[in-house]
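# Structural overview for review
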Number of protein chains: 2
Amino acid sequence: MGHPLSLTCGRCGRDFPPDSAAVGCVCGGPLLVGYDFPNLRGRWKKENLAAEPANMWRYAPALPLEPDESVTLGEGWTPLLRTARLGAQIGVPNLWVKDEGQNPTGSFEARGQTCAVSMAKKSGFHKLAIASTGNAAGALSAYAAAAGLEARVFMPRDVPQANFCECKSAGAVVTLVDGLIGDCTRIISERAPGEGWYDMSAFKEPYRVEGEKTIGYEIAEQLGWHVPDAIVYPCGAGAGLIAIWRALSELEQLGWIGAKRPKMIAVQAEGCQPIVRAFEQHARESAFWPGAHTVASGLRVPQSGADSLVLQILYESQGMAVPVSDSHMIDAGLQLASLEGIFASPAGGACVAAAHKLLQSGFLSPQEEIVILNTGSGLKDPAVFSTRFPRLGSGEQDKLGGLITPR
Amino acid sequence: MGHPLSLTCGRCGRDFPPDSAAVGCVCGGPLLVGYDFPNLRGRWKKENLAAEPANMWRYAPALPLEPDESVTLGEGWTPLLRTARLGAQIGVPNLWVKDEGQNPTGSFEARGQTCAVSMAKKSGFHKLAIASTGNAAGALSAYAAAAGLEARVFMPRDVPQANFCECKSAGAVVTLVDGLIGDCTRIISERAPGEGWYDMSAFKEPYRVEGEKTIGYEIAEQLGWHVPDAIVYPCGAGAGLIAIWRALSELEQLGWIGAKRPKMIAVQAEGCQPIVRAFEQHARESAFWPGAHTVASGLRVPQSGADSLVLQILYESQGMAVPVSDSHMIDAGLQLASLEGIFASPAGGACVAAAHKLLQSGFLSPQEEIVILNTGSGLKDPAVFSTRFPRLGSGEQDKLGGLITPR
């Protein structure tokens, strides 16, 4: 009942025909999909969701295709976990973690790619190319495999081994680029026309954000249709942050939530914080961050293709942009794992550290309800946490089974 | 409405009081939990399941505690994926993969440990010890962390790095043992009384199997309450196989399915196939398999504590035990990933290879409906698949972004 009505540039406002194969706007801005929410309102009832499947396709009327047209691996409807023990330690009783590591391919990128690949298939594209810091490529490779389409992946050479391996295992053709995500993006832009590739990179094809917005629908539904006071999001390109914000607007148009919005918190690594810098300067756009480095591979994005949209949301929501050091994000990831049993990606750990920091500074208060996004599983790059846990050699006593306890 | 009524030894039939802290039977057999299914029948209706949460606690009346007593990370209700492209390639249209890699901690062991840890907590135990090939330890560590209990892990020294790292990250005290799972089990048995450890190893405390049986409930529910013709299971200790078989019996007692049973297929590695050997010899018990070796860490179990139960189920179901070489299980894992987008553990790959083998031999037929268990995510040991995908050095042409395509 809710097929896309419009495609509009999120930067310049230019309109494109819906379902068109446009890859970004001529101005370089991202295309955003519009639906007829006034018409959906009243016809689509949140009370009926209980009978829908326990995956993101439960929100099909707000997605660009029907569940039976989708290439699906069962993505979405991940648990929103109450993390009371962590909350007690960082000083906020009402703390939740949305555990996106339980998605197929181990990250929230599965939501975006089920949607984007399904649309690409429906539109008749056969060769799908992506520039990625890792997880989006892993998800694209999996969904392209399931769809019987070709995947062409460009990633920085030092991408985590799990990402490299999952892409290759799914049959993708992988090129490791001596450079960062922006170099990968440029290569695809240059070569896509000649090679016949459809560009699945962030903010190129418009449907990834549509899939990712289901995180926002789920948070609201899982909280009983109320909106938390803050959502803490690890911001690489920022597609998920934009997606969640759009979801909340759509939910209000549907009459399922009111006008309240969470403070949107964008978390970046100290070694790569273009959004933080721009936010501090009250700028409308970010500047390229030179020498980007962080153990959180997904946060190594020196400039987002949608930086202006991300910044606009931070300002509008009275949110914040927070830098976290590598060391703190690992510490906080271990805090989350050891108190709650959630083994998060370093980016997820960064959000825990950021929430703690903002509670200490008073920007967030102990009375507030806070949702932390863990965008992926720690299993996608255990090497980061492994640095804290050297494997000890086997001493005589250790052979007896740990008479001396190795910590 | 369905608390445990009885604890009975699966080997000698001896009874124990329900909720007792017995760790296995005095005869060495595993304890099995009984419920009052005749009384549940009619009162618990499968039609009402639609309103239950999308996790394994939807089957609470057949579990030993209430959902609100559980230490949960949202485990269970994993997708049962129709794998038509793989089916076409191995010659069976009606093929499904139950993707247990989407559980918390990336494996089906989350189901067992949510239940076992919750019961241990309820019973007042504080120190939980486990002997494990890796995934059960990862799950125990996570749930113990969430419960605020101590986890003491014994694993073979060459356990996959993801397992080591997830246990350490969750705060478990880990001892890497110069030996195999049996050596770990023995150390705990010897030291548990003195140390005050509750033994969470397979077939010691009785509630792991209770959690794992929800896989069987889910397969039946997801297939619309019919039973497939075969279930293909990677058999290490075999707890999951026993659990699924028990689930089907319970479902029949509830009147939700009939008397039909699937052929139960136990898949082992060529380098460690005690159950296969015993099955071929029509034996009631297995012999210790010397020199056990396989890339599938979870299948490196030279002798199961419940071998007689596993064998009994294979005979009773007119099933089969199948060995698969390491090379074939990797091949089949890549076949699954590249055709369906499911990045499985080597053990999951072994099941694909076994199904293919049994279709070729005629033991399984193309008209049958087959369910393959992928017990864990490939992300839990990508090193196994990595051997097939060396990272190439960066040549001049590769720097341009793959003008020569590295395959």
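Model, not experiment: these values are computed from the prediction.

Parameters at a glance
All residue numbers here refer to positions counted from 1 along the written sequence of the relevant chain. Going through the entries in the order they are written, you letter the chains from A and number the ligands from 1. At least 70 in pLDDT is required for a residue's local features to be given in this predicted model, at least 80 for side-chain atom pairs to be given and counted, and no such filter applies to totals for whole chains, interfaces and linings, which use all residues. With hydrogens and water excluded, all non-hydrogen atoms of the structure serve as input to the side-chain values. Each residue is placed in one exposure class: buried if its accessible area under a 1.4 Å probe, protein chains only, is under 20% of its type's maximum, exposed if it is over 50%, and partly exposed if it falls in between. We count a stretch as a helix when DSSP gives it H or I for four or more residues in a row; a strand needs E for two or more, and each element gets its number in order from the N terminus. Paired strands, as defined in this entry, are two strands with at least two bridges between them according to DSSP. Crossovers are described as right-handed under a simple rule: with the strands pointing away from the observer, the path leading from the first strand over the helix to the second runs clockwise. We define a polar contact as two N or O atoms separated by no more than 3.5 Å, with the added condition that, inside protein, one atom must be a possible hydrogen donor and the other a possible acceptor, whereas residues neighbouring each other in sequence contribute only through side-chain atom pairs. Each axis is a line fitted through C-alpha atoms, taken for helices only over the stretch in contact, and angles between the N-to-C directions span 0 to 180 degrees. Residues count as neighbours in contact if any of their non-hydrogen atoms are within 4.5 Å of one another. Here a cavity denotes a set of grid points, spaced 1 Å apart and computed over the protein atoms alone, in which a 1.4 Å probe fits but from which it cannot get out, and a pocket denotes an open set meeting protein on both sides within 12 Å along at least five of seven lines; residues with an atom within 4 Å of a point are reported as lining. Grid points are joined across faces, edges and corners, and a volume is the space filled by probe spheres set on the points. Gly is placed with the polar residues, together with every amino acid not listed as nonpolar (Ala, Val, Leu, Ile, Met, Phe, Trp, Tyr, Cys and Pro) or charged (Asp, Glu, Lys and Arg). The copies were overlaid with a least-squares fit restricted to C-alpha atoms from residues scoring a pLDDT of at least 70 in each copy. Using a 1.4 Å probe, buried area is obtained as the accessible area two parts lose upon being combined, added over both of them. In what follows, salt bridge is the name for a side-chain nitrogen of Lys or Arg lying within 4 Å of a carboxyl oxygen of Asp or Glu.

## Regarding unusual backbone geometry
Of all residues except glycine, most have a negative phi; of all peptide bonds, most are trans. The backbone of Thr 105 of chain B sits at a positive phi, close to 65°, despite the residue not being glycine. Classification of Thr 105 of chain B by relative accessible area gives buried; the value is 14%.

## A short note on the pairing of strand β6 (residues 127-131) of chain A
Residues and elements named next belong to chain A. Here β6 lies mainly inside the structure; 4 of its 5 residues are buried. Inspection of the sheet shows β6 paired to strand β7 (residues 150-156) by 5 bridges, in the parallel sense. Bridge assignment links Ala 129 to a residue of β7, and that residue is Arg 152. Each parallel crossover has a hand, and for β6 linked through helix α4 (residues 135-147) to β7 it is right-handed. With 2 bridges joining them, β6 and strand β9 (residues 198-199) adopt parallel strand pairing. Residue pairing across strands places Leu 128 opposite Tyr 198, the latter belonging to β9.

## Side note on the side chain of Thr 175 of chain B
All names here are of chain B. Relative to the helices and strands, Thr 175 is located in strand β8 (residues 173-177). Judged by its relative accessible area of 0%, Thr 175 falls in the buried class. A polar contact of 3.0 Å, which involves the side chain of Thr 175, links it to the side chain of Arg 152.

## Concerning the sheet that holds strand β5 (residues 95-99) of chain A
Residue and element names in this part refer to chain A. Spatial strand order, β4-β5-β13-β10-β11-β12: 6 strands in an open sheet with mixed pairing. The open sheet has two free edges, formed respectively by β4 (80-82) and β12 (320-324), since each of these has just one partner strand. Going across the sheet, the axis of each strand differs from the next one's by a mean of 25°, ignoring polarity. Set on the sheet, helix α12 (residues 326-340) makes contact with β4, β5, β11 (263-269) and β12; between it and β12 the angle comes to about 95°.

## Quick word on empty space enclosed by the protein
Under the counting rule described, the total for this entry stands at 7 cavities of 30 Å³ or more. Approximately 460 Å³ is the volume found for the largest cavity. For the largest cavity, the lining is made up of 36 residues, of which Gly 101 and Gly 106 of chain A together with Gly 101, Gly 106 and Leu 379 of chain B are closest to its centre. Elements with a minimum of two residues in the lining of the largest cavity: α4 of chain A together with α4 (135-147) of chain B. In this structure, the second largest cavity is lined by Pro 30, Leu 31, Leu 32, Phe 203, Lys 204, Glu 205, Pro 206, Arg 208, Val 209, Ile 242 and Leu 309 of chain B. Where the lining of the second largest cavity is concerned, the elements lending two or more residues are β3 (31-34) and α7 (208-212) of chain B. When its residues are assigned to classes, the lining of the second largest cavity shows 8 nonpolar, no polar and 3 charged.

## Considerations on the relation of the copies chain B and chain A
Rotating chain B by 180° about the axis while translating it 0.0 Å along that axis superimposes it on chain A, leaving an RMSD of 0.0 Å. Overall, the copies show the geometry of a two-fold rotation axis. Across chain B, the rotation axis passes nearest the C-alpha of Gln 102 of chain B, at a separation of 2.6 Å. The overlap is high: 100% of the interface residues of chain B also sit at the interface in chain A, so the same surface is used on both sides.

## Re the interface of chain B and chain A
How large an interface is tends to be reported as the accessible area lost when its parts come together. The interface of chain B with chain A comprises 68 residues on the first partner and 68 residues on the second. Surface buried jointly by chain B and chain A totals about 5,000 Å² across both partners, of which 55% is contributed by carbon and sulfur atoms. The interface formed by chain B and chain A holds 0 salt bridges in total. For the interface between chain B and chain A, the tally reads 12 residue pairs in polar contact (both at pLDDT 80 or more). Breaking the side of chain B that touches chain A down by element, the ones donating at least two residues are α4, β7 (150-156), α5 (161-169), β8, α6 (181-195), α12 (326-340), α14 (382-386) and α15 (396-399) of chain B. In terms of residues, the side of chain B that touches chain A owes the most to one element, α5 of chain B, which gives 7 residues. Its residues assigned to classes, the side of chain B that touches chain A shows 35 nonpolar, 19 polar and 14 charged.

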